[in-house]
Each structure stands twice: as C-alpha cells, then as structure tokens.
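Chains, contacts and geometry: an overview
Chain by chain, the residues run as shown.
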Amino acid sequence: YNGEWLEVLGCGKLKQHVLGGIPEKYQGWAFGIGLERLAMVLFDIKDIRQFWSKDPRFLSQFKEGEVTKFKPYSKFPPCFKDISFWLPEDAGAYHSHYFHDLVRSIAGDFAENVELTDSFSKNARTSHCYRITYRSMERSVTNEEVDEIQEEVRKGAADTLNVELR
C-alpha cells in the first residue's frame, strides 16, 4: 500500500499458554480479516491508530453509506483570531466568499477555517464577525506570527473589500 507492506488476512499459530491447558499435542491457529487495513486502503488513511481515535476531526469525516477519502488534519494546536467589520453601503458589492478568498490568499494553508460567527444590523448597516482558525500541519504556530497574518488580513479586507473595520 503506497509502496509499503500492508498486512491483511493475517494469521498465526497460537502460543500454547493461550490454549488454556489443552494438551500440547493440539495446536491452534488464529485468523483475522484485517478490516481496518482494508478500510485504510479504501479511505486513504495512513495510520491505523486513527481508527481508535475519538477525535471529532477524524470521526466527522465518515458517514454511513458514503465512501470519501480521509482528509488529514494537524496534530498541532489552533490559533483563533476574530475580525469584525461593517459591510459596504452597497450590500450587493460584498459576498462572504470574497472574504474567504482574501483570507486564503493571504494566509495560505495556515487558514484552516473561516466561519461567520455573528451578524447584526444597526442604523441600516450590517456588521459581520468572522473567526479564523489558523493552524499548521507541520508545526505549532506562534501567536506573534499569526498576529502578523491577521494584520495583513485586516488591511486586505479594508483595502480590497471596501469594508469598515470595527
């Protein structure tokens, strides 16, 4: 599997003490189907230990009756940053996809998720608050480096999306 040995349909001879006192002239064999190994191939999972994980990032990827490829996630902690702004006066000039694209263009793979967490209107204006989850697949990110990225996002939102930062 991917250039490595993958054991399926494993079997082996039982050690005598496992047979619980049965005379030594008798032997036992154990056979396994290896469903986890087959699922590794089917779902493109690299590490068998993930099957025993209770991590919702793993468990939420699988739905009954659906076969989808596993999307790896980082073992490193996230860093959350919020940004709030008033939408442009011309509401048709703004769409949330524009902000998502802006974040991805600046933060790249560090931006794991962009989520609208609050929206309200006041005096005929609408405000949005987004929570951005920053995380690296390779290492822990520092708050200082995420602050630099977040400042670029804030500047980019004001300059290119015509929003008023709060």
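Everything below is about the structure printed above this text.
Let us look at the pairing of strand E3 (residues 79-86). Here E3 lies mainly inside the structure; six of its eight residues are buried. Direction of pairing for E3 relative to strand E5 (residues 125-134): antiparallel, over a ladder of eight bridges. Each bridged residue has a counterpart across the sheet, and for Asp82 the counterpart in E5 is Arg131. Relative to strand E6 (residues 164-165), E3 runs antiparallel, the two sharing two bridges. Counterpart to Phe85 in the pairing with E6 is Leu165.

On to a nonpolar patch on the surface, then. A cluster of nonpolar side chains, Val8, Leu9, Ile33, Leu35 and Leu38, forms an exposed patch at the surface whose accessible area comes to about 480 Å². Tracing the backbone shows Leu38 in helix H1 (residues 35-43). Look at Leu38 and you get partly exposed, because its relative accessible area is 44%.

Tallied over the full model, the rule gives eleven aromatic pairs. Each residue in the set Phe43, Phe51, Phe58, Phe62, Phe70 and Tyr73 is aromatic and connected to the rest through ring pairs, giving one cluster. The ring of Trp86 has Arg166 sitting right over it, with the charged end atom 5.4 Å from the ring centre.

Turning to the layout of surface pockets, a few remarks are in order. Quantified by volume, the largest pocket comes out at close to 180 Å³. Lining of the largest pocket is provided by Asp44, Ile45, Lys46, Asp47, Gln50, Phe70, Pro72, Tyr73, Lys75 and Met137. Of the residues in the lining of the largest pocket, the class split is five nonpolar, one polar and four charged.

For the rest of this paragraph, the subject is the pattern of salt bridges. Counting across every chain of the model gives eight salt bridges. Where Lys81 meets Asp147, a salt bridge forms, and the shortest distance between an N and an O atom there is 2.6 Å. Placement of the pair is Lys81 in strand E3 and Asp147 in helix H4 (residues 143-160), with a sequence separation of 66 residues. Given a relative accessible area of 35%, Asp147 falls into the partly exposed group.

Bringing the sheet that holds E5 into the picture now. Taken together, the four strands give an open sheet; going across it, the order is E4-E5-E3-E6, and neighbouring strands pair in antiparallel fashion. Each edge of the open sheet carries a strand with a single partner, namely strand E4 (111-122) and E6. Against the sheet, helix H3 (residues 96-107) engages E3, E4 and E5, with an angle of about 145° to E4. Lying over the sheet, H4 contacts E3, E5 and E6, oriented at roughly 20° with respect to E3.

Conventions we followed
Residues numbered from 1 in each chain as written. Predicted model: local features only at pLDDT ≥ 70, side-chain atom pairs only at ≥ 80, totals over all residues. Heavy atoms only, no water. Buried < 20%, exposed > 50% of the residue type's maximum accessible area, 1.4 Å probe, protein only. Helix = DSSP H or I, 4+ residues; strand = E, 2+ residues; numbered from the N terminus. Pairing = 2+ DSSP bridges. Patch = residues over 30% accessible without salt bridge, like charges linked within 9 Å, V, L, I, M, F, W, Y side chains within 5 Å. Areas by Shrake-Rupley, 256 points an atom, 1.4 Å probe, with all protein chains shown as cover. Salt bridge = Lys/Arg side-chain N within 4 Å of Asp/Glu carboxyl O. Phe/Tyr/Trp six-rings, centres within 6.5 Å; stacked < 30°, edge-to-face > 60°. Lys NZ or Arg CZ within 6 Å of the ring centre and 35° of its normal. 1 Å grid on protein atoms, 1.4 Å probe; cavity = no way out; pocket = protein on both sides within 12 Å on 5 of 7 lines; lining within 4 Å. Points joined across faces, edges and corners; volume = space filled by probe spheres on them. Nonpolar A, V, L, I, M, F, W, Y, C, P; charged D, E, K, R; others polar. Contact = heavy atoms within 4.5 Å. Axes fitted to C-alpha atoms, helices over the stretch in contact; angles between N-to-C directions.

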